[in-house]
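Structural description and commentary
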Amino acid sequence: MAGLRPSRPSAAFRAFFSYKVFASALFTLLFLAALSAFLSSSSPSHHSPTFALRRHRFLASDPLRARVDLIYRQAADHSVLANAYAAYARRLKLDSSRQLHVFEGLDDSLSDLSLRLAGTVVDDEDALRAVEKEAKDRIKFARQLVGESKEAFDTQIKIQKLRDTIFAVREQLHRAKKLGALSGSIAAGSTPKSLHCLAMRLMEERIAHPETYRHAAAAAPSDPELYHYAIFSDNIIAVSVVVNSAIKNTKEPWKHVFHVVTDPMYLAAMQVWFVRRPPTGGAKVEVRSVAEFEFLNASYSPVVRMVEGGRRDLSLLHYLRFYLPQMFPKLRRIVLLEDDVVVQKDLAGLWSVDLDGRVNGAVETCFGVFKRYNRYLNFSNPLVQRQFSSRACAWAYGVNVFDLDAWRKERLTEQFHEYQSLNEDGTLWDQSSVLPAGLATFYTTTKPLNKTWHVLGLGYNPSVSLDEIQNAVVIHFDGNMKPWLDVALNQYKHLWTKYVDTEMDFLQLCNFGL
């Protein structure tokens with residue numbers, strides 16, 4: 001009995017503790033209920049859209065919520081569609097068109113409707129019907145507008161794609177033309193191995209037999225009553241073709257004198273050629289070097305000054321044509337022949353052409369609006385605008401008759417110097433060609449010649465008329481497809497090769513493919 005007494009106080013303590021826990025839990029539940037009632041009674045009567053939307057998710061019926069979601073998705077989808085068509089209209093540059101403004105307005109209205117549907121609580125059927133009707137009307141209008149505009153927009157997109165394709169093709173063609181022109185200019189400006197070989201063989205001959213060519217530099221007669229021609233070139237075989245063709249097609253070859261001026265490096269080779277293969281019929285050929293004309297120095301000539309200053313795009317040989325009166329002071333008239341021409345008929349008639357007091361006789365090349373001064377001179381420059389007419393007809397170098405007395409009277413060499421100095425930076429015309437300088441220098445002092453005197457295009461145009469070629473006194477292989485190159489036009493090449501002196505033994509040694 002005595003061992004059981006200590007257990008009674010422990011049981012009483014446990015009963016008291018259980019009662020306290022129960023009472024505490026009860027008071028906690030009552031407190032939470034009172035707090036909830038207080039918050040409910042003190043909440044505002046107007047709810048925020050977010051709170052209302054959350055509450056609506058619990059209180060609104062499921063069918064109404066499903067209909068609202070369906071309207072919202074349809075409005076959002078058609079808003080995206082309207083925005084896409086508006087973007088197409090902008091890309092097609094239809095900013096001022098009715099379709100662009102209509103699609104932009106439709107996009108704005110559908111976007112606004114979507115925002116209202118996302119933030120508005122629809123608690124009853126009547127309110128939902130009003131929203132549905134508004135949404136259906138706008139969606140119907142959107143579908144109708146898209147249906148009407150789809151074909152037109154698709155056509156516009158196809159047209160734009162076609163324009164983009166045409167533009168890309170034109171760019172490719174432009175690049176191909178530039179590359180072709182560059183390749184052609186490189187081919188035309190380069191010296192073929194056969195021509196280099198010929199020059200080296202002739203130089204070797206001159207060194208091996210100096211006594212034979214001691215008198216090769218004899219001066220040609222300067223009788224003004226004879227027919228004098230100037231040829232500026234370092235292409236030996238081309239010069240020989242010009243001389244041979246002129247002599248073979250004239251009735252009085254003894255009246256023709258050819259003044260050949262070449263680079264000092266090719267002087268000996270050129271002299272050896274004409275000593276070994278002299279012109280027939282009593283014609284005369286004089287070969288001189290540019291260096292022999294002492295007046296051509298940097299203090300006198302702006303061209304010499306530019307060349308000596310490092311301008312590699314200028315060739316002094318090409319610009320010698322502007323110094324004919326100084327180079328041949330005893331002559332009254334001279335004909336300039338370029339080294340890529342072939343003479344087919346007697347040139348004697350040029351000496352009876354009346355130039356009407358003008359300096360230059362040349363064949364004009366303009367037709368319609370093409371090949372006029374505005375193609376060669378920079379008419380955005382005020383000086384060019386004041387001095388020249390953009391509609392003036394251009395003419396060609398290749399066969400030119402010059403009245404040297406009239407030239408001296410007009411002081412045209414000094415005029416050339418003035419223009420060349422002003423154009424030192426290339427602002428008046430492109431200095432890669434000598435023609436613009438000639439057009440400027442001989443402006444208003446050029447007499448047009450009959451077109452049969454000079455037919456051009458055999459160095460670039462495969463469609464030159466056969467009748468024109470047959471009736472021409474001189475044919476000109478102007479362009480990059482020179483007859484001594486592999487890129488020559490085959491249908492014209494025989495017109496040049498038939499005047500090549502194939503009996504010259506050095507040609508065979510240098511493998512000329514004639």
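Residues numbered from 1 in each chain as written. Predicted model: local features only at pLDDT ≥ 70, side-chain atom pairs only at ≥ 80, totals over all residues. Heavy atoms only, no water.

Describing the pairing of strand β4 (residues 333–337)
With respect to burial, β4 is a largely interior element, five of its five residues being buried. Of the two faces of β4, the one carrying Arg333, Val335 and Leu337 and the one carrying Ile334 and Leu336 are both buried. Pairing between strand β1 (residues 227–232) and β4: two bridges, direction parallel. Paired with alanine 230 across the bridge in β4 is leucine 336. (Buried < 20%, exposed > 50% of the residue type's maximum accessible area, 1.4 Å probe, protein only. Helix = DSSP H or I, 4+ residues; strand = E, 2+ residues; numbered from the N terminus. Pairing = 2+ DSSP bridges.)

Digging into the pairing of strand β3 (residues 284–289)
Here six bridges tie strand β2 (residues 256–262) to β3, and the two strands are oriented parallel to one another. Note that in β3 the partner of valine 260 across the bridge is valine 287. A crossover links β2 with its parallel partner β3, the connecting element being helix α8 (residues 267–276), and its sense is right-handed. (Right-handed = clockwise from strand over helix to strand, strands pointing away.)

Brief notes about the state of the cysteines
In this structure the tally under the stated criterion is two disulfides. One disulfide in the model links cysteine 197 with cysteine 510; its S-S distance is 2.2 Å. On the S-S bond that ties cysteine 197 to cysteine 510, the torsion sits near -75°, and the link is left-handed. On the criterion of sequence distance, the pair formed by cysteine 197 in helix α6 (residues 193–208) and cysteine 510 in the segment after α19 (505–509) is long-range, its members being 313 residues apart. One disulfide bridge connects cysteine 366 with cysteine 393, the sulfur atoms lying 1.7 Å from each other. Every disulfide takes its handedness from the sign of the S-S torsion; for cysteine 366 and cysteine 393 that torsion is -105°, giving left-handed. Of this pair, cysteine 366 sits in the loop between β6 (360–362) and α12 (373–376) while cysteine 393 sits in the loop between α13 (382–387) and β7 (399–403); the two residues are 27 residues apart in sequence, bridging distant segments of the chain. When its relative accessible area of 17% is taken as the criterion, cysteine 366 is described as buried. (Disulfide = S-S within 2.5 Å.)

Some points on helix α7 (residues 236–248)
The first and last C-alpha atoms of α7 sit 18 Å apart over 13 residues, in line with the 18 Å expected at 1.5 Å per residue. Where α7 is concerned, the buried positions are Ile236, Ile237, Ala238, Val239, Ser240, Val241, Val242, Val243, Asn244, Ser245, Ala246 and Ile247. Among the residues of α7, the N-terminal cap falls to asparagine 235, whose side-chain oxygen and the backbone nitrogen of isoleucine 237 are separated by 3.4 Å. (Expected span 1.5 Å × (residues − 1). Polar contact = N/O pair within 3.5 Å; in protein donor to acceptor, adjacent residues only side chain to side chain.)

Brief notes about helix α18 (residues 490–497)
Burial in α18 covers these residues: Tyr492, Lys493, Leu495 and Trp496. Looking down the long axis of α18, one finds its buried residues gathered within 155° of arc, a one-sided arrangement. Buried residues in α18 make contact with α7, β5 (341–343), α17 (466–471) and β9 (474–476). (Arc of directions from axis to C-beta. Contact = heavy atoms within 4.5 Å.)

Some thoughts on the packing of α6 against α8
The interhelical angle for the contact between α6 and α8, taken along N-to-C directions, is 80°, at an axis separation of 8 Å. As far as their axial angle goes, α8 and α6 are roughly perpendicular. Facing Leu198, Ala199, Leu202, Met203, Glu205 and Arg206 of α6, the residues of α8 in contact are Ala268, Ala269, Gln271, Val272, Trp273 and Arg276. Class assignment of the residues belonging to the contact of α6 with α8 gives a composition of eight nonpolar, one polar and three charged. (Axes fitted to C-alpha atoms, helices over the stretch in contact; angles between N-to-C directions. Parallel < 35°, antiparallel > 145°, perpendicular 65-115°, else oblique. Nonpolar A, V, L, I, M, F, W, Y, C, P; charged D, E, K, R; others polar.)

A word on the confidence of the model for the protein
Residues at a pLDDT of 70 or more form 77% of the protein, whose mean pLDDT is 83. Taken together, the stretch residues 1–9 has pLDDT below 50 and engages in zero contacts with residues farther than four places along the chain or on a different chain. (pLDDT = per-residue confidence, 0-100.)

Regarding the environment of tyrosine 492
Here tyrosine 492 lies in helix α18. In this structure, the C-alpha to C-alpha distance between tyrosine 492 and valine 464, residues 28 residues apart in sequence, is 9.6 Å. Discounting chain neighbours no more than four positions away, the residues touching tyrosine 492 are Leu458, Asn461, Pro462, Ser463, Val464, Ile469 and Phe477. Within the local environment of tyrosine 492, its side chain forms a polar contact with the backbone oxygen of asparagine 461, the two atoms lying 3.0 Å apart.

Comments concerning the sheet that holds strand β8 (residues 446–448)
Strand order in this open sheet of seven strands is β3-β2-β1-β4-β7-β6-β8, and the pairing throughout is mixed. Two strands bound the open sheet, and with one partner strand each, they are β3 and β8. When the angles between neighbouring strand axes are averaged without regard to direction, this sheet yields 25°. Here β6 runs beside β7; their pairing, made up of two bridges, is antiparallel. When the bridges of β7 are listed, asparagine 360 appears paired with phenylalanine 402. Contacting β1, β2, β3 and β4, α7 runs over the sheet at an angle of about 175° to β2.

Considering the nonpolar core
Side chains that are nonpolar tend, in soluble globular proteins, to be buried together. Judged by nonpolar contacts, the single largest core of 67 residues is most densely connected at Leu198, Leu202, Phe258, Leu337, Leu347, Leu350 and Leu458. It is α7 that contributes the most residues to this core, nine residues altogether. Counting residues in hydrophobic clusters, the runner-up holds 48 residues, among them Tyr319, Leu320, Val359 and Leu377. (Core = buried A, V, L, I, M, F, W, Y, C linked by side-chain atoms within 4.5 Å.)

Examining the pattern of salt bridges
Considering all chains together, one arrives at 15 salt bridges under this definition. Residue arginine 214 is joined to glutamate 211 by a salt bridge in which the shortest nitrogen-to-oxygen separation is 2.4 Å. Its relative accessible area of 54% is what places glutamate 211 among the exposed residues. Here aspartate 505 ties to arginine 276 by a salt bridge, and the two come within 3.2 Å at their closest N and O atoms. Taken together, the positions of aspartate 505 in helix α19 and arginine 276 in helix α8 put the pair 229 residues apart, joining distant regions of the chain. Each of the salt bridges in this network shares a partner with another, and the network as a whole consists of Glu205, Arg276 and Asp505. (Salt bridge = Lys/Arg side-chain N within 4 Å of Asp/Glu carboxyl O.)

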